[in-house]
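# Working through the structure, step by step
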Amino acid sequence: MAEAVLYGIANEVLKNMGSTAIDELSSAWGFKSQLNKLKNTIETLKDVMLDAEERQADSHAVGGWLERLTTAVYAADDLFDEFATLASRKQLLSGNKVTKEVYTFFSYSNQITLAFKISHKIRRIRQELDDIVKDGTQFSFVFRPHEDGREINTSTRRKETYSFVDSEEVIGRDDDKRAILDLALASSSIDKEEKGVPVIPIVGIGGLGKTSLAQLIYNDPKIQDFFELRIWVCVSDVFDIKEITEKILTSATKTEMHQKLEMEQLQGQLRKEIDDKRYLLVLDDVWNENRDEWLKLRALLKAGRKGSKIIVTTRSREVAEIMGSFAPYELQGLSEEKSWDLFEKMAFKSGQPQPQCEPHLVKIGREIVRKCANVPLAIRALGSLLYGKSESKWLTIKDTNLAKLSENQNNIMNILKLSYHYLWFPLKNCFAYCALFPKDYVLDKETLINLWIAEGFIIPDANESQSLDEIADEYFLTLFQRCFFQDVIRDEWGAIKSCKMHDLMHDLAQQVAGDKCKVANFSESKFDDKINHLSFAYRLTSSWKIQAGMLHLKLLRTFLMPEQMKDGSPFRKSVCKQIISRFSRLRVLDLHNLGVESLPSSIGKLIHLRYLDLSKIPIKELPHSITELQNLQTLKLYHCSRLRALPTNMRKLTNLRSLNVDRCYELSHMPSRIGELTSLHTLPLFIVGNTHSQKSWFKCTSATFSDLKKLRNLKSVLCIQVKGDLKIIMSEAAEANLSCKHGLTELNIEFHHSLSYGDHSNFEVVLEGLRPHPNLRKLEVSGYKGSKSPSWVAMDNMCMSLPNLVDIQLFKWDFCQEVPTFSRLPFLKRLSLIQLGNLEYMESAIFDLSSSSSTNPLFFPSLQELTLKDMRNLKGWWKEGTSAISISSLSRLSINNCPKLLFLPLCPNVEDLTLVSSVLKMATISDCTSLLSSESEFGFGFKLKKLEIDDVEDLISLPKQTVHQLSSLLVQGGIKLQSSDSSEKLEQAFANLSSSLRSLAFYNCTNLKYISKGLEHLTALENLVLYNCIDSELSRNEPDDDCGCGMPWKTFKTSLRSVKLMWMSQLVSLPTGLQYLENLRSLELYCNYWLMEIPEWISCFSFLTYMELCNSCHVKTLPESFTNLTALNELRIVLCSPLAKRCQAPHGVDWPKIQHIPLVTILSTGRDGW
């Protein structure tokens, strides 16, 4: 990593050295000639870095030379970064020219001192670099600009592959082989549509067995019978059409080409050879991502007969997209069973362990197999290495990271490293940096990109046509396409939100990162003083302090805590001061989830800082010195729920790109002139106006809509909170210029509850002025007190103004009597209307199906979720008449507290239904003109999977076939059975759910004992929630009657995995019947104020992994048997005083009972638990 980073750092140094301010100051202070010589030296060194990188593996001397070079270049970077920052602080620059303020840069004496200091440092750095250049002449480095570094050096290329394979040696690929064979042998529409021969791409990281799978298919008898001609070509990294053509002809004719032919002759022979033949061509190990080159080759391959196929193996999803006719077949690792089978075959002499002499190796072997992460090549390599070796050798391999094995022992790292060598140098930096995160860590894409930018890994576009964020996004996608990242999670718009790294890729990242990146373990005390990037593989607690071995890390640029979890313990301010004073060169500082109540003012001295994460800390205000961090690009204040205000001089952070203040609930305003932060692209919360009540603890000038206008580059999510006097701010709303912010995908407009009702037109003017860009996908508007909708959503205008909407949420529109025509939006998937008190009908007239067309689509063509809640006057969908129109795509319907609602469109495919406080009843299921269609007409009865109701007797009205797939049931309100007949029918209804129901919840229910016989049928139940069930007598000690509570715990003996007991006001002790639950994994106890104790028998839950105790102040201690809960991975104790004090580490009285639990969180007060 060092040499790859080095090139980027060198570029940054040259960029700073070339600034106008430094150029003119160097002239004024007499060291310009030194500066020019230093520039020339660095430029010279840049061009030999690639050659040095490739040669260091074979020469310790070259590695040492690179080490010296790295130290010197880093020193130069720190010097000129500091100098440029100081110049910026004094506002020396006016456009691209230095102003007269240069003359008064500091006091006269300071100018002389600073000039001498800088001149001396430049002279020292230049002398060091000159010595490095001189010493480097002995290595005869080749001058190679880094732009050429995108090609693999021939010495690192993979060996050429061939078509033969011993099928008995390939294990666990039967399903994969079958899937590819089906594609290769089937005649499909692809054959007709494809302009050339259909291509089947097989994608995966190195070592997964892509080539072996292709060999299996190539040699399969079905393939041999189906294809007249089979051709195997190993392409590798050089996609030379002439060379590939020669290889195709050699394979097809089985003869070596002795004479050199021109391309014209070659293409003629190729076309002649494959003309009118059904052929299979395997192009193995393709790296080419240039589509034009592939199209040229594809044109030569069209002569084959219909049914011909091409199979491509590659490590790049981009290659697969360029070449593939089918979706890429992403090859996965072997199953655990097959991984062990392969290891047995490779590691044991007989192909399997001998019961008498080798049982001790099996346990060790299984742990070694886990290290291989199901990758066949790794399993083969380690299995072969251990063949015939002693137990001590097995133990050594078990305890050794794969990346640290020697090259002759570890072929897998060499194979994986091919992918790394093929990366452009900035991408190498970005990949290696991921070594700072734990294995199996979910990497947030935005966070990763911000870190890369902060570290200087992103090379700016030469013509500045792209922002750093856009370039970083391309870097990320390239790494994903080349299989360095996997398991991506996308948002609903299709953008990647997060990913993971394969375990072996993580091993590779650690190897290439080298000693510059360090992941500190809890027990470590020694640290190399050349470490630049440090992360912690453990959580920092209140007792943590900087270890002596860390104090000398003067070159440290990264302080990262990926494992940090909020545990409620305070973090000492003195430790923060020490971090700041000791690590003055930091670019990245991560303090998230620490109990930091105040930051020291010395934070402003970290002038190199680019990235500061203060998320989820109990801070109330930021020191004003934070505005001195003029290089700061990312400031994360996410979920700082006590933070009241931002510093007034935030505008000084001119390089700030991301300011995350989402979920900062106490934040009352945004500082004025925040619009001057024109580099901002992430600002999830913007507050307009502020509340000046007698209770306000400050009075200040707040940001206005005109500030928002200047923030032209905002992307993704924006929430606008409107506070203050609408009369003052309403005329400025249009100045926000949201219609030009094309990067926004989600917009939330919140009118604060403190706003007076006043004149409805004030609200209307504001909302009218906040018209968003047509690209918007999600719109939320709450607290709106206007009497009509804005013109940009009124009636049919919405299809024109916001055609791409997918999600709409309107909340608390108290005076609006009509809403837009949502039913015509072509992409709308979710619609939520809550507390629209004056709305009687959704639309004025019945939808005219005959008018449907491409410009006038069908009724709700994409709607999947519909929520109607607290709509006290809503009567139906259409004001005029009813209709049999259906919302066929709807899968989730929630109707809650709509007392006048009598009819809706048909919903034939609902799977998730909520029907609470409504005159509509489940009995209407048989009425095809009411809520739900009849089973016979639309088949609704076979789809219901989740149900929420407020009358348990509604279950009786549902036919058996309607609920046979029901897996989740929530019942609200008291249980009142009309007759004994109802009781019997209800028991039968529960019996119908015996095999399907997995989750059951009772909210605000009484008399659970009335349905206990019905609950006895629920033998598959896994999750149970009881909320405020006041008359259930859960604490009565009657074991023969299962506690007499109406809950048949014995029935749930083996099935129940999770229990939640919440707001159970009569719960004094846990029901003794809980002891029957042999497989309980999770126990959550919330707000059970009269719960007095946790019983000793809690230890019977031998499989319990999670437990939470919240707001139970009478529980004063934990039982001694808590130490027996050895499977417990996480314990949360929230708002439970004095128990919280007894459980605090390390001196709490009860701490010894819980110290074996990996994650203990103790939160004391407040919304966020601090």
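Residues numbered from 1 in each chain as written. Predicted model: local features only at pLDDT ≥ 70, side-chain atom pairs only at ≥ 80, totals over all residues. Heavy atoms only, no water.

### Thoughts on the nonpolar core
Formally: What is meant by a nonpolar core is a set of buried Ala, Val, Leu, Ile, Met, Phe, Trp, Tyr and Cys residues, joined one to another through side-chain atoms within 4.5 Å. Exposure is judged per residue with a 1.4 Å probe applied to protein chains only, and the accessible area is read against the type maximum: over 50% gives exposed, under 20% gives buried, and values in between give partly exposed. By definition in these notes, contact holds between two residues if any of their heavy atoms fall within 4.5 Å.
In this structure, Met550, Phe559, Leu637, Leu659, Phe822 and Phe1002 are the most contacted members of the largest nonpolar core, which totals 191 residues. Apart from the residues within four sequence positions on either side, leucine 659 is in contact with Leu635, Leu637, Leu646, Met650, Ile674, Leu680, Thr682, Leu683 and Pro684. Grouped together as the second largest cluster of nonpolar side chains are 128 residues, Met49, Ala320, Phe348 and Cys483 included.

### Points about the pattern of salt bridges
The following threshold applies: The term salt bridge refers to a pairing of a side-chain nitrogen on Lys or Arg with a carboxyl oxygen on Asp or Glu at a separation within 4 Å. Working definition: helices are DSSP H or I runs of at least four residues, strands are E runs of at least two. Numbering for both runs from the N terminus.
One pass over the structure, following the stated rule, counts 45 salt bridges. One salt bridge connects aspartate 78 with arginine 557, and the closest N-O pair in it is separated by 3.2 Å. Placement of the pair is aspartate 78 in helix α5 (residues 60–89) and arginine 557 in the loop between β12 (533–536) and β13 (558–560), with a sequence separation of 479 residues. For the pair aspartate 78 and arginine 557, a shared accessibility class is recorded, and that class is buried.

### Concerning the sheet that holds strand β9 (residues 486–490)
Let me state the cut-off plainly: If DSSP finds at least two bridges between two strands, the strands pair. Here the axes come from fitting lines to C-alpha atoms, over the contacting stretch only for helices, and the angles between their N-to-C directions go from 0 to 180 degrees.
In space, the 3 strands of this open sheet follow the order β8-β10-β9, with antiparallel pairing throughout. Only two strands of the sheet have a single partner each, and these edge strands are β8 (443–444) and β9. In this structure, β8 lies alongside strand β10 (residues 496–500), joined through 2 bridges in antiparallel fashion. Across the sheet, the residue bridging to leucine 443 is cysteine 499, located in β10. Packing of helix α22 (residues 468–481) onto the sheet brings it into contact with β9 and β10, and relative to β10 it is tilted by some 45°.

### Structural notes on empty space enclosed by the protein
Operational definition: Method remark: on a 1 Å grid restricted to protein atoms, a set of points is classed as a cavity if a 1.4 Å probe fits but cannot get out and as a pocket if it is open with protein on both sides within 12 Å along at least five of seven lines; lining residues have an atom within 4 Å of a point. Grid points are joined across faces, edges and corners, and a volume is the space filled by probe spheres set on the points. Classes in brief: Ala, Val, Leu, Ile, Met, Phe, Trp, Tyr, Cys and Pro nonpolar; Asp, Glu, Lys and Arg charged; the others, Gly included, polar.
Within the structure shown, the criterion is met by 7 cavities of 30 Å³ or more. The computed volume of the largest cavity comes to approximately 70 Å³. Val286, Trp287, Glu289, Thr314, Arg315, Ser316, Ser419, Tyr422, Arg482 and Phe484 are the residues that line the largest cavity. Its residues assigned to classes, the lining of the largest cavity comprises 4 nonpolar, 3 polar and 3 charged.

### So, helix α27 (residues 760–769)
Residues Asn762, Phe763, Glu764, Val766, Leu767 and Gly769 constitute the buried set of α27. Next to the buried residues of α27 lie α25 (705–710), α26 (726–729), β20 (744–751) and β21 (778–782).

### A closer look at a positive patch on the surface
For clarity, the cut-off: Patch membership needs two things, relative accessible area over 30% and no salt bridge, and members are linked within 9 Å if like-charged or within 5 Å if nonpolar (Val, Leu, Ile, Met, Phe, Trp, Tyr). A 1.4 Å probe and the Shrake-Rupley method give the accessible areas. Residues count as covered only by the protein chains that appear here. All tallies of charge rest on Lys and Arg as positive and Asp and Glu as negative; His and the ends of each chain are not included. Charged groups are reduced to one reference atom each: NZ for lysine, CZ for arginine, CG for aspartic acid, CD for glutamic acid.
A cluster of basic side chains, namely Lys812, Arg872, Lys875 and Lys900, defines a positive patch on the protein surface. Residue classification places lysine 812 among the partly exposed positions, given a relative accessible area of 32%.

### Overview of the confidence of the model for the chain
Note the threshold: On a scale of 0 to 100, pLDDT captures the predictor's confidence in every residue.
Overall, the predicted model of the chain reaches an average pLDDT of 86, with 87% of residues at or above 70. Note on residues 691–699: pLDDT is under 50 here. Beyond four places in sequence and across chains, it has 11 contacts. The low-confidence segment residues 1035–1044 (pLDDT under 50) makes 22 contacts with residues lying over four places distant or belonging to another chain.

### Considerations on the side chain of aspartate 707
Note the threshold: Residues adjacent in sequence count toward polar contacts only when both atoms are side-chain atoms; beyond that, a polar contact is any pair of N or O atoms within 3.5 Å, and within protein one must be able to donate a hydrogen and the other to accept it.
Structurally, the position occupied by aspartate 707 is in helix α25. Among the polar contacts listed, one links the side chain of aspartate 707 to the backbone nitrogen of arginine 673, at a separation of 3.4 Å. Not counting residues up to four positions away in its chain, the partners in contact with aspartate 707 are Arg673, Ile674, Gly675 and Phe686.

### Concerning a nonpolar patch on the surface
A surface patch of nonpolar side chains, about 500 Å² in accessible area, is lined by Trp1063, Val1068, Tyr1089, Trp1090 and Met1092. Relative to the helices and strands, methionine 1092 resides in the loop between β34 (1082–1086) and β35 (1106–1110).

### Some details on the packing of aromatic side chains
Threshold: Stacked, tilted and edge-to-face are the three classes applied to pairs of Phe, Tyr and Trp rings, where Trp contributes its six-membered ring and a pair requires centres within 6.5 Å; stacked means planes under 30 degrees apart, edge-to-face means over 60, and tilted covers the rest.
Enumeration over the complete set of coordinates arrives at 36 aromatic pairs. For the pair phenylalanine 343 and phenylalanine 348, a centre-to-centre distance of 6.5 Å together with 90° between the ring planes defines the contact as edge-to-face. On the basis of relative accessible area, phenylalanine 343 is assigned to the buried category, the value being 0%. Between the aromatic rings of phenylalanine 751 and tyrosine 784, the centroid separation amounts to 5.8 Å while the plane-to-plane angle is 45°, which identifies the pairing as tilted.

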